[in-house]
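Breakdown of the fold
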Amino acid sequence: MRKTFTTKLLGATALGSGVLTLGLLCGSAWAQEAAPEAKTPETGSTEVVIVSNRFTAKTMQLKSDNSISVLSATDLQRTAVHNAAEILGLMPGVNVMMTGNSFIGGIDGASRGEGQYVSIRSMNSEYNVNLINGVAVAQAQPYSRGVQLNLIPPSGLQTIVLNKTSTANMDGDAIGGTIDFRTPTAFDFKGKQRGSLSVSGNFESQADDLGADSTGFGAAADFSRKFGADDNFGVYVSAYYNLRHYANSELGGVMEASGGDRAYALSYVDGNGNIPSGMDPLQDLILTGFNVGVSSGHTELWGGTVSLDWRPDVDTSYYMHLTYAHDWTTQNSSLNQIVGEGSVRDEGTSPLDANGSLKDGYIAAGNGLYQTTIPAVSNRLWYETNPLHSNLSTLDFGVKKRVGKWHFEPNVFYSFGRNDRPNHLEMWTTSIPAGSSSRGAAPYGAATLVTYGADNFPIAHLTPGMEYTALNPGTMPAPCCYEVTSGLSQQEKYGARFDGGYDFDQSLLQSISFGAKYVTSNRDVSNRDYTVTDPNPASSLGADTAAIVGYYPGFPGKYDYLVPIVDHQVVAARYNALTDTQAKLDAASDICTGGGNALGVLTNYNCNTLSGTETVSAAYVMAKFATDTLEIIPGIRYESTDVKNTYWVRKFEPDPTKMTTVPDPADPTKVIEVPDVIEVPGAYQSNTASFSKVLPSVFLNYRPDAKTVYRASIWTSYTRPPMFQLGGSSSSKYDPSTGTTTITKGNPDLKAIGAVNVDANGTWRTSTGGYYGVGVFYKDLSNYIYDSGTGYINGATSGSGAVLISQPKNGGNASVLGIEFEGQQKFDGMPAPFDGLSIGGNLALQTSKADIGTSWGHEERMQNAPDVTANLGLYYAREKVTVDITYHYSGAYVANYDILGKGGSWDNLWVEPVQHLDVHAGYDFGVVQLDLSIANLFKNYTYYSHIGENSKAIADVIQSGRTALLTLKYAY
């Protein structure tokens, strides 16, 4: 009998209690004994400031010199979200993305069922700076400058500060914003010594619906103590461990249409084979295949922090901060596929032959139009894994010293990040049609394969034989082949900075600040692939009982197509046995070419590699002028960057030993013989790029009283192009038909994306427990670049004659205009028990447009930029009871441009609006606190993308259900 929700959640919590000793070493939780009022650091300071509750967070926002949003310890603890990316969605103007363009993307990334990246004020993740305790973290993504945030759990943090504007003493490469994740020190707590222990259990409803492991647990601990007669030396240590099991249902329509199967068709064409004039291309596009699957696995998060602080006197502070976060995720996806083959997908091929007769595969529809058909359909099974091994660490040492009116802070820092997809494994099989003796597609011939049911889910109209195979996948042949891809990506970053300043007494000029920073980083990326054939496959999939250990029940409520459960260890062992020597492994290599010879092995080992160094030098000066009510903060920053990339170049030359025929350029009706093409050994090459930016800024703050501030600012910023676009893999290929050599490579002459930013807002705190804010912002960008993943962006060919060069290029101008509203209101003046009520929320409305650099994309919506984000919360806190009900909404956005490669924006990939209701209830027993949090209470779809803004005919959908978290915490 299936366990109930409560039984499973309590069982998981009990399991967590059983590992409490482990939690002392591998857990992290923050007690609530923080100081009652947070101090506000100097503008853009790296000083770590911790806030314990929502209203203290609002005080910090009110006092800040620049526009910030703050999440307190209360926000971070009263939630069942999976990670730091998801918790950031509570902030105004922040959009949480379930997937990106790393080693995996699209539905493969989304099917983990957790947020991974964020955009801020319409700016994608690579336009933001991410800090931990003021240290810029390593950017370990292989193809962009974004940081994947799913490896940091909310329990591993105490405060998050989002800087929406940047003063001169902050890093200049933040166009969207600067996110500072903060952990405590011993001096952030009252008393000489304190600590906490916690255990938790979590539950995933969709995994339970699928009969998979749906529970997990966590263990956590932290401890702080002050030493010395004056309590001037503080030690804070913490650690955490979280285990989550998941199994999510997926529908893959976009996956089939945009991938190698190209499972879509043009329904009608004209006599030239083109989309009929006047017809909306989206209305002409039909789905000819999809998959139903389950993505399952587990995520283990562990890490911790150490803070050592010595304050020998009131003017001196020495500190050391160390943080570490590790993520080990397994993701095994099993897919039951229905794929139409031979459809008309591209324009330009006439439905009529040379004699004017109708070709096979077309139906005359009248008025000069022709309806296409789907000649054949195959049943397939696909199994793939997408493991993630990532870690992120930071370390910094510094001194804060005040001598009279002078203050100084030297600091050295280090960060390391890894984001690997090690041993991604695939296996596949295709059905044997009735009446055939070999695998392949069965004749079909109808004009459409699917109609649509509830929520626009496709319903396949199959022949009885195809339907039987889809319902009984065990009857299909056993898999023939195994493929493993290993993607590795890491960055190491280290450097030093110096900040100083002078304070003036009773002067209009209040202070002058100045400083310099030097940081260098090393990046290494590789991606290699190996494929082998099973020499002794089982007689059928169902007969392979070692590898196939059961079946998931399709997509509950939508499809009854069974999905095989694969024993990954068995399949991995088979692959390992077939590649157990270096010679076998070399022969299986095929990422760029066949590995059957020395040249192939050399090419495959090197062709998808990139290494590089980047050095950034910066200096700034900033002043603060102030009267009783007005503050003016002008500043200027200079940053200079030098990049060196090393990459592999593949070379193709004429082969004098082998001839081939090509059309005669002088007479196309004839052919001539020319030397064929042969690949020759490649070599590593390097290029360099440099960027220099002067970044002026001015901030004005008007404070008519202690509870009100009006801000206005103009500031400049920039973002450097991804290192992959500057110097990724290259090829030099000879074309015998034209006698030209085309060189495809990265472009070190790409320009940095520049931005002029304008921000104005007002914030008020009322005497009746209210906090309100409204602001507008505008960003004007030049040389826009979007995240194109593994492909070069806007590849442009230049040159003439015998040599042509194809390189990525910048887009044009872009802009964002937005308005944000924020508010929080206590009702402590109401009679008991209603005096514990409060409400809060935020709303961001924004509009964006960008020239992405194509011939058709001059006014596209910015990537991952919804027009609306909103949060609304109802809170109750009185005596020992706390209750939180929060609603989150994020509007539709463009995730990728021209996903089918049709040369227009009509086939952009859109993500549907995301909304969910979360609840929390807690009770404080004194030294013990019990909390229950449920995310996505009503089981809204986690991810729903589709091709075209106004069409859901071709869609990807992920259902991960609701998540519950029960936490028991002891604090002393």
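This one's a predicted model, so the numbers in the text were calculated from it and none came from an experiment.

Right, let's get into the sheet that holds strand E5 (residues 135-136). Strand pairing in a sheet takes place through backbone hydrogen bonds and is either antiparallel or parallel in direction. With respect to topology, 5 strands assemble into an open sheet ordered E1-E6-E7-E4-E5, the strand pairing being mixed. Bordering the open sheet on either side are strand E1 (68-71) and E5, each of which pairs with just one other strand. Across 5 bridges, the pairing between strand E6 (residues 159-163) and strand E7 (residues 178-182) is antiparallel. Looking across to E7, one finds that Val 161 is bridged to Asp 180. Helix H3 (residues 54-63) contacts E1, E6 and E7 of the sheet and is inclined by roughly 160 degrees relative to E1.

What follows concerns the packing of aromatic side chains. The tally for this structure, following the rule as stated, stands at 25 aromatic pairs. Ring centres of Trp 382 and Trp 428 lie 5.2 Å apart, and the angle between their planes is 15 degrees; this geometry places the pair in the stacked category. Here the residue Trp 382 occupies a position in strand E18 (residues 376-385), and Trp 428 occupies one in strand E20 (residues 406-430), the gap between them amounting to 46 residues. In this structure Trp 382 comes out as partly exposed when scored by relative accessible area, which is 26%. Judged by centre distance (6.0 Å) and plane angle (5 degrees), the ring pair of Trp 406 and Phe 408 falls under stacked. By relative accessible area, which is 37% here, Trp 406 ends up partly exposed. Taken together, the ring pairs in this structure connect Phe 290, Phe 457, Phe 555, Tyr 559, Tyr 561, Tyr 941 and Tyr 944 into an aromatic cluster. Between the NZ or CZ atom of Lys 400 and the centre of the ring of Tyr 319, over which it lies, the distance is 5.5 Å.

According to UniProt, the feature "domain: Outer membrane protein beta-barrel" (unreviewed entry) maps to residues 554-970 in the numbering used here. Secondary structure over residues 554-970 splits into 8% helix and 59% strand, and the C-alpha atoms at its two ends are 42 Å apart.

With that out of the way, let us pick up a nonpolar patch on the surface. A cluster of nonpolar side chains, Ile 839, Leu 874, Val 881, Val 883, Ile 885, Tyr 923, Phe 925, Leu 930 and Leu 968, forms an exposed patch at the surface whose accessible area comes to about 680 Å². Residue contributions to the nonpolar patch peak at 3 residues, all from strand E41 (residues 881-890). Among the secondary structure elements, Leu 930 is positioned in strand E45 (residues 928-935).

The next thing to look at is helix H11 (residues 568-578). Of the residues making up H11, those classed as buried are Val 571, Ala 572 and Tyr 575. In an axial view of H11, the angular spread of the buried residues amounts to 100 degrees, which keeps them on one side of the axis. Close packing links the buried residues of H11 with E20, strand E24 (481-503), strand E25 (509-533), strand E27 (563-566) and helix H12 (582-588). The N-cap of H11, judged by a side-chain oxygen 3.1 Å from the amide nitrogen of Gln 569 a few residues on, is Asp 567.

Attention shifts here to the pairing of strand E37 (residues 803-807). Both strand E33 (residues 740-744) and E37 contribute to a ladder of 4 bridges, which runs parallel. Note that in E37 the partner of Thr 744 across the bridge is Ser 806. The hairpin turn running from strand E36 (residues 796-800) into E37, its antiparallel successor, is 2 residues long, and Gly 801 in that turn takes a positive phi close to 75 degrees.

Here we come to the state of the cysteines. Under the counting rule described, the total for this entry stands at 1 disulfide. A sulfur-sulfur separation of 2.1 Å characterises the disulfide bridge that pairs Cys 592 with Cys 607. What sets the handedness of the Cys 592 and Cys 607 disulfide is the S-S torsion sign, and at about 100 degrees it is right-handed. Here Cys 607 lies in the loop between helix H13 (598-606) and strand E28 (609-626) and Cys 592 lies in the loop between H12 and H13, a separation of 15 residues in the sequence. Of the residues examined, Cys 592 reaches a relative accessible area of 24% and is grouped as partly exposed.

Enumeration according to the criterion identifies 40 salt bridges in this entry. A salt bridge links Glu 614 to Arg 145; the nearest nitrogen and oxygen atoms lie 2.6 Å apart. Residue Glu 614 is located in strand E28, and its partner Arg 145 is located in the loop between E5 and E6; the two are separated by 469 residues in the primary sequence. Assessed through its relative accessible area of 5%, Glu 614 is described here as buried. Residue Arg 145 is classed as buried on the basis of its relative accessible area of 4%. As a salt-bridge pair, Arg 637 and Glu 639 come within 2.7 Å of each other at their nearest N and O atoms. The same class applies to Arg 637 and to Glu 639, which are both buried. Through salt bridges that share partners, Arg 145, Asp 171, Asp 173, Lys 517, Glu 614, Arg 637, Glu 639 and Arg 720 make up one connected network.

Bringing the nonpolar core into the picture now. Judged by nonpolar contacts, the single largest core of 47 residues is most densely connected at Phe 290, Leu 462 and Ile 954. Counting 27 residues, the second-largest nonpolar core is a separate cluster that includes Ala 84, Val 137, Leu 162 and Ile 179.

A word on unusual backbone geometry. Where the residue is not glycine, phi is negative for most of them; where a peptide bond is considered, it is trans in most cases. In this chain, Ala 832 is followed by Pro 833 through a cis amide linkage whose omega measures 5 degrees. Turning to its location among the elements, Pro 833 is positioned in the loop between strand E38 (814-826) and strand E39 (837-850). Residue Asn 133 is not a glycine yet carries a positive backbone phi of 55 degrees. Note that Asn 133 resides in the loop between strand E4 (129-132) and E5. A positive phi is found at Asn 456, a non-glycine position, where the angle reads about 60 degrees.

Buried within H13 we find Gly 600, Thr 603, Asn 604 and Asn 606. Looking at the buried residues of H13, the elements they touch are E25, E28, strand E29 (630-664) and strand E30 (667-705).

Here we take up the sheet that holds strand E17 (residues 369-372). Spatial strand order, E12-E17-E16: 3 strands in an open sheet with antiparallel pairing. Taken across any chain shown, the strands that pair with only one partner, and hence form the sheet edges, are strand E12 (268-269) and strand E16 (362-366).

Mapped onto the fold, His 888 is located in strand E41. Here His 888 falls in the buried class, since its relative accessible area comes to 9%. Only 3.4 Å separates the side chain of His 888 from the backbone oxygen of Gly 89, close enough to count as a polar contact.

Conventions adopted
Residues numbered from 1 in each chain as written. Predicted model: local features only at pLDDT ≥ 70, side-chain atom pairs only at ≥ 80, totals over all residues. Heavy atoms only, no water. Pairing = 2+ DSSP bridges. Helix = DSSP H or I, 4+ residues; strand = E, 2+ residues; numbered from the N terminus. Contact = heavy atoms within 4.5 Å. Axes fitted to C-alpha atoms, helices over the stretch in contact; angles between N-to-C directions. Phe/Tyr/Trp six-rings, centres within 6.5 Å; stacked < 30°, edge-to-face > 60°. Buried < 20%, exposed > 50% of the residue type's maximum accessible area, 1.4 Å probe, protein only. Lys NZ or Arg CZ within 6 Å of the ring centre and 35° of its normal. UniProt positions renumbered as here; feature names shortened; annotations may be inferred. Patch = residues over 30% accessible without salt bridge, like charges linked within 9 Å, V, L, I, M, F, W, Y side chains within 5 Å. Areas by Shrake-Rupley, 256 points an atom, 1.4 Å probe, with all protein chains shown as cover. Salt bridge = Lys/Arg side-chain N within 4 Å of Asp/Glu carboxyl O. Arc of directions from axis to C-beta. Polar contact = N/O pair within 3.5 Å; in protein donor to acceptor, adjacent residues only side chain to side chain. Disulfide = S-S within 2.5 Å. Core = buried A, V, L, I, M, F, W, Y, C linked by side-chain atoms within 4.5 Å.

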